[in-house]
Amino acid sequence: MKDDLIILKQYYTAAAKQVPADSFFKQTLDHKFAHSLEVLRQGNDILEHTPELQNQGETFRDLAQKALLFHDVGRFEENVRIFNARRNGTEIAAMSDTYDHGVIGYELMQNRPPYNDMRILFALRWHGKTMEEIYASDMYRQIKDSPQFDDIMQILYLVRDADKLANLYAAKEHDRLRRDLFYAQLPDAILNAPLSAEVKARFLAGKLVLSATLRSFADRILQLLSWIYDFNYPAAAEIFKQERYGEFLLDMLAQYHHNPQDLQQISAALAAKIKR
Ligand SMILES: [Fe+2]
């Protein structure tokens, strides 16, 4: 793991040199480096408490740890590209692969041994997408018949769960939600707007809240709460429960959404999900 850390740091340092030291971009790069370490820590915790992963052996464990640590390696270059685009007045098209850290990370590592292994690359490319998008992709169709299919999916699931837990940890321990771009760019009216009907309905239907549907900061908070519906490993849901992320997010939501009946319904839905 020591070599992996050095290599990850090289990607971070190369990017950090290209943005001003006192900028929002530099802060984001710093956060993304710390986040990578945190995802490894959370992933190791899930690994340790999941027998089906424990039984997979040493090679699997090494690949899984590399995928955890490098899952956001594309974030560094992505942020440099966004910084340059803003500076040059270039428009950043939504959904563009140029600014998609999953695509960037995949392309960075696909020719770099020992990371050029589909068990790592698939997680880098797809960890941030919905499962529907993944199932619909050409790459998914290609790996389906591979003898490594089960390993690829187990590592993808591990990275997805650990990524969510690391973001919850940063939100709770470092007030990260209010330091991210989404919050920093919001006008006050949106910042203090209540939950949107669509997001609330989706949560109460037991579904993951998608980024494209967010209309207010309250929506963003409920999105994190909806992650409880998306954990793949019971160990991850157990960490969510033990760390009391549900209570933390509900308290924060109550600061932005003031309808007591809605809060009660959301709290009941969460309690029902966690007990199962
Ligand atoms: Fe990511």
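Residues numbered from 1 in each chain as written. Predicted model: local features only at pLDDT ≥ 70, side-chain atom pairs only at ≥ 80, totals over all residues.

### A closer look at the overall build of the chain
Piece 1. Tallying secondary structure elements over the chain gives 17 helices and 0 strands in all.
Piece 2. Its C-alpha atoms give the chain principal-axis dimensions of about 55 × 50 × 35 Å.
Piece 3. Counting across all 276 residues of the chain, residues that qualify as buried make up 37%.
Piece 4. Sequence-distant contacts in the chain: of pairs separated by 6 or more residues, those separated by 24 or more amount to 68%. (Helix = DSSP H or I, 4+ residues; strand = E, 2+ residues; numbered from the N terminus. Buried ≥ 20, exposed ≤ 12 C-beta atoms within 10 Å, placed from the backbone. Contact = placed C-beta atoms within 7 Å.)

### A word on the packing of helix H13 (residues 197-204) against helix H17 (residues 260-275)
Piece 1. Remark: H13 packs on H17, axes separated minimally by 10 Å, with the N-to-C direction vectors making an angle of 30 degrees. Taken together, the axes of H13 and H17 lie roughly parallel to each other. When the axes of H13 and H17 are compared, the crossing they make is left-handed. The residues of H17 that touch H13, namely those facing Lys 200, Phe 203 and Leu 204, are Asp 262, Gln 265, Ile 266 and Ala 269.
Piece 2. When grouped by side-chain class, the residues that make up the contact of H13 with H17 number 4 nonpolar, 1 polar and 2 charged. (Axes fitted to C-alpha atoms, helices over the stretch in contact; angles between N-to-C directions. Parallel < 35°, antiparallel > 145°, perpendicular 65-115°, else oblique. Left-handed = near helix turned anticlockwise from the far one by under 90°. Nonpolar A, V, L, I, M, F, W, Y, C, P; charged D, E, K, R; others polar.)

### Let's talk about the packing of helix H2 (residues 24-48) against helix H5 (residues 73-88)
Piece 1. For the pair H2 and H5, interaxial distance at closest approach is 10 Å and the crossing angle is 170 degrees. In terms of axis orientation, H2 runs roughly antiparallel to H5. Along the contact surface, H2 presents Phe 25, Thr 28, Leu 29 and Lys 32, while H5 presents Arg 75, Phe 76, Asn 79 and Phe 83.
Piece 2. Tallied by class, residues from the contact of H2 with H5 come to 4 nonpolar, 2 polar and 2 charged.

### A short note on the domain arrangement of the chain
Piece 1. Split by domain assignment, the chain resolves into domain 1 (2-165) and domain 2 (186-275).
Piece 2. For domain 1 versus domain 2, the separation of C-alpha centres amounts to 25 Å.
Piece 3. In this complex, domain 1 contributes 10 residues to the contact, which on the side of domain 2 involves 8 residues.
Piece 4. Sorting elements by how many residues they give to the side of domain 1 that touches domain 2 places helix H10 (residues 149-174) first, with 5 residues. (Domains from an automatic or database assignment.)

### Some words on unusual backbone geometry
Piece 1. Of the consecutive residues Pro 113 and Pro 114, the connecting peptide bond is found in the cis state with omega at 0 degrees.
Piece 2. Assignment of secondary structure puts Pro 114 in the loop between helix H6 (101-109) and helix H7 (118-126).
Piece 3. Its identity as a non-glycine residue notwithstanding, Asp 175 has a phi of 50 degrees, on the positive side.
Piece 4. Relative to the helices and strands, Asp 175 is located in the loop between H10 and helix H11 (181-184).
Piece 5. A residue is classified by how many C-beta atoms lie within 10 Å of it, and Asp 175, with 11 of them, is exposed.

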